[in-house]
Amino acid sequence: MTDPRSTRAAIRHALGRSAAVVGLQWGDEGKGKIVDLLAAEHDAVVRYNGGANAGHTVAVDGKRFGLHLVPSGVLHKGKLAVIGNGVVVDPDVLMVELESLEAANVDHSALRISAAAPVVMPYHKDEDAAREKLLSTRRAPDVHSADTEPIGTTRRGIGPAYAEKAQRASAVRVGDLVRPKLLRKKIELACEIKNRTLAPLLDGKTYDAEELIAWATGHGERLEPFITNSLLLLQETLADGRTLLFEGANGALLDIDHGGHPFVTSSSTTSLGIGPGTGISTRGLGKVNGVMKAYQTRVGAGPMPTELDNAIGERIRERGREFGTTTGRPRRCGWLDLVSVRHAINLNDCDAVALTMLDVLAGFEELKVCTAYRLDGEEIQYFPVDAVDLSRVEPVYETLPGFSEEIMDVRSFDALPSTAQAYVRAIEDFLGVDAAIVSVGPDRTQTIRRS
Ligand code: IMP
């Protein structure tokens, strides 16, 4: 038997060399590119939250892959790609991704999926859409303006799947897909509950347990080679001295507990979610890399204090190609909101940030950054506890000079226009953290690394 003390020491040592990449805004910060860059320095890429609501496009050898569930590490030969227990897995989406990788001859044999990850079932997607429809008929303008709208979910069943996990007995987990008796028991129970509770919301639609069992069993047969005890796998990987890169999905401001509730997603989107989402303690995690855009975007409903519903916002959307990877929806665009990003930095305990899409801001005479909120006539420095107050704040801006030159071909910080450098430094000073990476275009090479 190996000495347990030396195993624990080895795990801690490897964790100290491991890292995370997390989003500091409302998702879509460009995490995919940063994960792709940093994956080269690690042995495994691990997803710990979210589901097929997230999405990134990764280009390899001129081929573009739209991945929602499969960690982008799978595109790096020899890297382990792990879907942790905190991810809700939609097997239909996963199957499409596996097929697109196979069609492009990408070896996905290093993919592993946690047996403990909840499965997104067809009734979760139906419930997601039905709740959104119901919300769209409700009006409560006296509470706050955003309350008149649905959440604007991706309709991927994320909220209902996480809710089912919390409900326990009827929650199907990935490992159950290959345990026929347990699968049958859970699906029969789920159908009984859904048919009694959901049907009125779904114009009378009901679910047939046999049909769902056949669907789930088919997926189980196909996924069996990938299903594993991910906790053991990650512990063994670390004990062997190999390092992990945790890949956060969505963004800090969409966090179920610390975002602008209820206009959030249903998982822990910050580095705080790594523990429950994988079973690996982050106490000794080496480095947390936050990813932030040089401006602000948001998809779906909910307050966004710096939103620009004007030609400036339109210009940012056009230059930044700000349309959703998962849903194709145009993103709402606005000036950088440093108050909310600082909230995200603190939640994540970030060591450094990657500042992305700086190139998009070329051509503006001046650039504004929000450095405080005004609420009820008073200036505040914190991110409010929920969407009610967030919808009431007014942004307080500082104005900085813009830069007219295109910077997509710049490869060193010193070669950036001086006003672009000053913009980056102002962000660093406000946040108290270094921008170790500045990204000036979508390609791997369009990157300025400063450390
Ligand atoms: P859900 O995660 O589908 O329930 O959606 C809840 C909210 O989170 C909606 O406003 C979505 O637009 C937003 N959201 C979820 N995932 C992402 C993401 O990866 N990028 C941007 N917005 C997201």
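Preceding this section is the structure that the text describes.
This is a predicted model, so every value here is computed, not measured. (Residues numbered from 1 in each chain as written. Predicted model: local features only at pLDDT ≥ 70, side-chain atom pairs only at ≥ 80, totals over all residues. Heavy atoms only, no water.)

The next thing to look at is the overall build of the chain. Summing up its helical and strand segments, the chain has 13 helices and 18 strands in all. Against the compact-globule benchmark of 22 Å for 451 residues, the chain has a radius of gyration of 22 Å, which places it among compact chains. Seen along its three principal axes, the alpha-carbon backbone of the chain occupies a region of about 65 × 60 × 45 Å. Per-residue burial over the chain gives 55% buried out of 451 residues. A sequence separation of at least 24 residues applies to 75% of the contacts in the chain between residues at least 6 apart. Put simply, the chain shows about 19300 Å² of open surface, and 50% of that area lies on carbon and sulfur atoms. Here the chain holds 52 positive side-chain charges and 61 negative ones, and the gap between their average locations is 4 Å. (Helix = DSSP H or I, 4+ residues; strand = E, 2+ residues; numbered from the N terminus. Rg over C-alpha atoms; globule rule 2.2 N^0.38 Å. Buried < 20%, exposed > 50% of the residue type's maximum accessible area, 1.4 Å probe, protein only. Contact = heavy atoms within 4.5 Å. Areas by Shrake-Rupley, 256 points an atom, 1.4 Å probe, with all protein chains shown as cover. Lys, Arg positive; Asp, Glu negative; His and termini not counted. Charge placed at Lys NZ, Arg CZ, Asp CG, Glu CD.)

As a matter of local geometry, the ligand sits amid 16 residues, with Asp 28, Asn 53, Thr 154, Asn 250 and Thr 265 nearest to it. Thr 265 places a side-chain nitrogen or oxygen 2.6 Å from an oxygen atom of the ligand. The side chain of Arg 329 places a nitrogen or oxygen atom 3.0 Å from an oxygen atom of the ligand. In the complex, 96% of the free accessible area of the ligand, which totals 470 Å², lies under the protein chains. For the shell around the ligand, a count of residues per class yields six nonpolar, eight polar and two charged. (Near = heavy atom within 4 Å. Polar contact = N/O pair within 3.5 Å; in protein donor to acceptor, adjacent residues only side chain to side chain. Nonpolar A, V, L, I, M, F, W, Y, C, P; charged D, E, K, R; others polar.)

Turning to helix H3 (residues 91-103), a few remarks are in order. In this model, H3 (13 residues) spans 18 Å end to end at C-alpha, consistent with the 18 Å of a helix rising 1.5 Å per residue. All of the buried residues in H3 are Pro 91, Val 93, Leu 94, Met 95, Glu 97, Leu 98 and Leu 101. At its buried positions, H3 is contacted by strand E4 (63-67), strand E5 (80-83), strand E6 (111-114) and helix H7 (209-223). Capping the start of H3, Asp 90 holds a side-chain oxygen 3.0 Å from the backbone nitrogen of Asp 92, two or three residues further along. Once H3 finishes, Asn 105 follows within two positions and takes phi at roughly 60°, a positive value. (Expected span 1.5 Å × (residues − 1).)

Turning to the environment of Asn 289, a few remarks are in order. Its location among the elements puts Asn 289 in strand E9 (residues 287-293). Expressed as a C-alpha distance, the spacing of Asn 289 and Val 21, which sit 268 residues apart in the sequence, is 4.9 Å. Not counting chain neighbours up to four residues away, the residues in contact with Asn 289 comprise Ala 19, Ala 20, Val 21, Val 22, Leu 38 and Ala 352.

Let us look at the pairing of strand E2 (residues 44-47). The side-chain alternation of E2 yields two buried faces, one formed by Ala 44 and Val 46 and the other by Val 45 and Arg 47. Looking at chain direction, E2 and E5 are connected through four bridges and run parallel. Across the sheet, Arg 47 pairs through a bridge with Ile 83, a residue of E5. Where E2 lies against strand E8 (residues 244-247), four bridges are found, and the strand directions are parallel. Among the inter-strand pairings, Val 45 is bridged to a residue of E8, identified as Leu 245. (Pairing = 2+ DSSP bridges.)

Pairing is mixed in the open sheet, where 10 strands are placed in the order E7-E6-E5-E2-E8-E1-E9-E13-E17-E18. Both outer strands of the open sheet, strand E7 (227-228) and strand E18 (447-449), are each paired with one neighbouring strand and no more.

Here we come to unusual backbone geometry. The bulk of non-glycine residues show a negative phi, and the bulk of peptide bonds are trans. Following His 261, the chain continues to Pro 262 via a peptide bond in cis, the omega torsion being 5°. Positionally, Pro 262 belongs in the loop between E8 and helix H9 (274-278). Unlike most non-glycine residues, Asp 203 shows phi in positive territory, near 50°. One can find Asp 203 in the loop between helix H6 (180-197) and H7. Given the relative accessible area of 72%, Asp 203 is considered exposed. One non-glycine residue, Met 357, adopts positive backbone phi at about 65°.

Moving on, we get to the pairing of E6. Note that E5 and E6 share three bridges and pair parallel. Within E6, the position partnered with Val 82 by the bridge is Arg 112. As defined by bridge partners, E6 adjoins E7 across two bridges and the pair is classed as parallel. Bridged to Ser 114 within E7 is Thr 228.

The subject of this paragraph is the pattern of salt bridges. Tallying each qualifying case throughout the model produces 24 salt bridges. Two residues, Asp 36 and Arg 444, come together in a salt bridge whose shortest N-O distance is 2.6 Å. Here Asp 36 is found in helix H2 (residues 31-39), whereas its partner Arg 444 is found in the loop between strand E17 (434-439) and E18, with 408 residues between them in sequence. Judged by its relative accessible area of 7%, Asp 36 falls in the buried class. Overall, Arg 444 belongs to the partly exposed group, its relative accessible area being 44%. Where Glu 406 meets Arg 319, a salt bridge forms, and the shortest distance between an N and an O atom there is 2.9 Å. Here Glu 406, found in the loop between strand E16 (394-401) and helix H13 (418-431), pairs with Arg 319, found in helix H10 (residues 311-319); they are 87 residues apart in sequence, far enough to count as distant. On the accessibility criterion, Glu 406 (47% relative accessible area) is partly exposed. Arg 319 gets classed as partly exposed once you look at its relative accessible area, which sits at 23%. (Salt bridge = Lys/Arg side-chain N within 4 Å of Asp/Glu carboxyl O.)

Let us now look at the side chain of Asn 250. Its place among the elements puts Asn 250 in the loop between E8 and H9. Given the relative accessible area of 10%, Asn 250 is considered buried. One polar contact links Asn 250 to Asn 49, side chain to side chain, over a distance of 3.4 Å. With near-sequence residues (within four places) excluded, Asn 250 lies in contact with Gly 23, Gly 27, Glu 29, Lys 31, Asn 49, Gly 50, Asn 53, Ala 54, Thr 265, Ser 267 and Thr 269.

Any functional reading would require information that these geometric values do not contain.
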